[in-house]
Amino acid sequence: MTYQWKEDQPIYRQLKEMVVERIMDGTFVEGEAIPSVRQVAADYQVNHLTVGKAYQELVEIGLLQKRRGLGMYVTEGARNALTRREQQQFIDEELPAFAERARMLGLGLDKVFELLRNTGSKS
């Protein structure tokens, strides 16, 4: 499998984000095993130590757990924890930036709410 890695970010971080995205979208299910370090290293043609570093960071933040002799598993509650984290990040970082951009463009709250309502009804 050929994958285009971004040059501006270490590969282990990109792998970590891939796992996070797959937990969020339900591809990696809580309580189930994820692909082994060696399998991911072979699939993406990266060093197994790089994959191991990404997985270890996910263990440290409580999203994955090692089961000796069995591999890595998604922890129970990982998806909810990620959702809460992403919501908080949106509130703390993205929403203020969005509000500032709207203000700079002269868009009032009423117009923004109208646009958001219309955007939400299209999906």
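Just above sits the structure.
It is worth spelling out the packing of aromatic side chains at this point. Scanning the entire structure with this criterion turns up 3 aromatic pairs. Considering the side-chain rings of Tyr 3 and Tyr 44, the 5.8 Å spacing of their centres and the 85 degrees angle between planes classify their relative orientation as edge-to-face. In this pair, Tyr 3 is assigned in the segment before helix H1 (11-24) and Tyr 44 in helix H2 (residues 37-44), connecting sequence segments 41 residues apart. For Tyr 44, a relative accessible area of 9% translates into the label buried. One aromatic cluster in this structure is built from Tyr 3, Trp 5 and Tyr 44. Seen from the ring of Tyr 12, Lys 53 lies directly overhead, with NZ or CZ sitting 4.2 Å from the centre.

Time to look at unusual backbone geometry. Within the chain, Gln 45 stands out as a residue other than glycine whose phi angle is a positive 55 degrees. Inspection of the secondary structure puts Gln 45 in the loop between H2 and helix H3 (48-60).

The nonpolar side chains of a soluble globular protein tend to be buried, and buried together. Core analysis: the largest hydrophobic core is formed by 23 residues, its most contacted members being Leu 15, Ile 23, Tyr 55 and Leu 64. Elements supplying a minimum of two residues to this core: H1, H2, H3, strand E2 (71-74) and helix H4 (78-104). A total of 6 residues in this core trace back to one element, the largest contributor, which is H1. Discounting residues that sit within four places of it in the chain, Tyr 55 has contacts with Val 19, Ile 34, Pro 35, Ser 36, Val 37, Val 40, Leu 64 and Met 72.

In this sheet, E2 lies alongside strand E1 (residues 64-67) in antiparallel orientation, the contact comprising 4 bridges. When the bridges of E2 are listed, Gln 65 appears paired with Tyr 73.

Glancing now at the environment of Asp 43. Structurally, the position occupied by Asp 43 is in helix H2. For Asp 43, a relative accessible area of 28% translates into the label partly exposed. At 2.7 Å, the side chain of Asp 43 and the side chain of Gln 39 are in polar contact.

A few words on the environment of Lys 66. Summarising the element assignment, Lys 66 is placed in strand E1. Measuring from C-alpha to C-alpha, the distance between Lys 66 and Tyr 55 comes to 9.3 Å, with 11 residues separating the pair along the chain. The residues contacting Lys 66, other than those within four sequence positions of it, are Gln 56, Val 59, Gly 71 and Met 72. Within the structure, Lys 66 has its side chain in polar contact with the side chain of Gln 56 (distance 2.9 Å).

Let us look at the pattern of salt bridges. Considering all chains together, one arrives at 3 salt bridges under this definition. One salt bridge connects Glu 86 with Arg 85, and the closest N-O pair in it is separated by 3.2 Å. Note on Arg 85: relative accessible area 34%, which makes it partly exposed. Where Glu 100 meets Arg 103, a salt bridge forms, and the shortest distance between an N and an O atom there is 2.5 Å. You can see Glu 100 and its partner Arg 103 sitting in helix H4, 3 residues apart, about one turn around the helix. Its relative accessible area of 54% is what places Arg 103 among the exposed residues.

Cut-offs used in this document
- Residues numbered from 1 in each chain as written.
- Predicted model: local features only at pLDDT ≥ 70, side-chain atom pairs only at ≥ 80, totals over all residues.
- Heavy atoms only, no water.
- Phe/Tyr/Trp six-rings, centres within 6.5 Å; stacked < 30°, edge-to-face > 60°.
- Helix = DSSP H or I, 4+ residues; strand = E, 2+ residues; numbered from the N terminus.
- Buried < 20%, exposed > 50% of the residue type's maximum accessible area, 1.4 Å probe, protein only.
- Lys NZ or Arg CZ within 6 Å of the ring centre and 35° of its normal.
- Core = buried A, V, L, I, M, F, W, Y, C linked by side-chain atoms within 4.5 Å.
- Contact = heavy atoms within 4.5 Å.
- Pairing = 2+ DSSP bridges.
- Polar contact = N/O pair within 3.5 Å; in protein donor to acceptor, adjacent residues only side chain to side chain.
- Salt bridge = Lys/Arg side-chain N within 4 Å of Asp/Glu carboxyl O.

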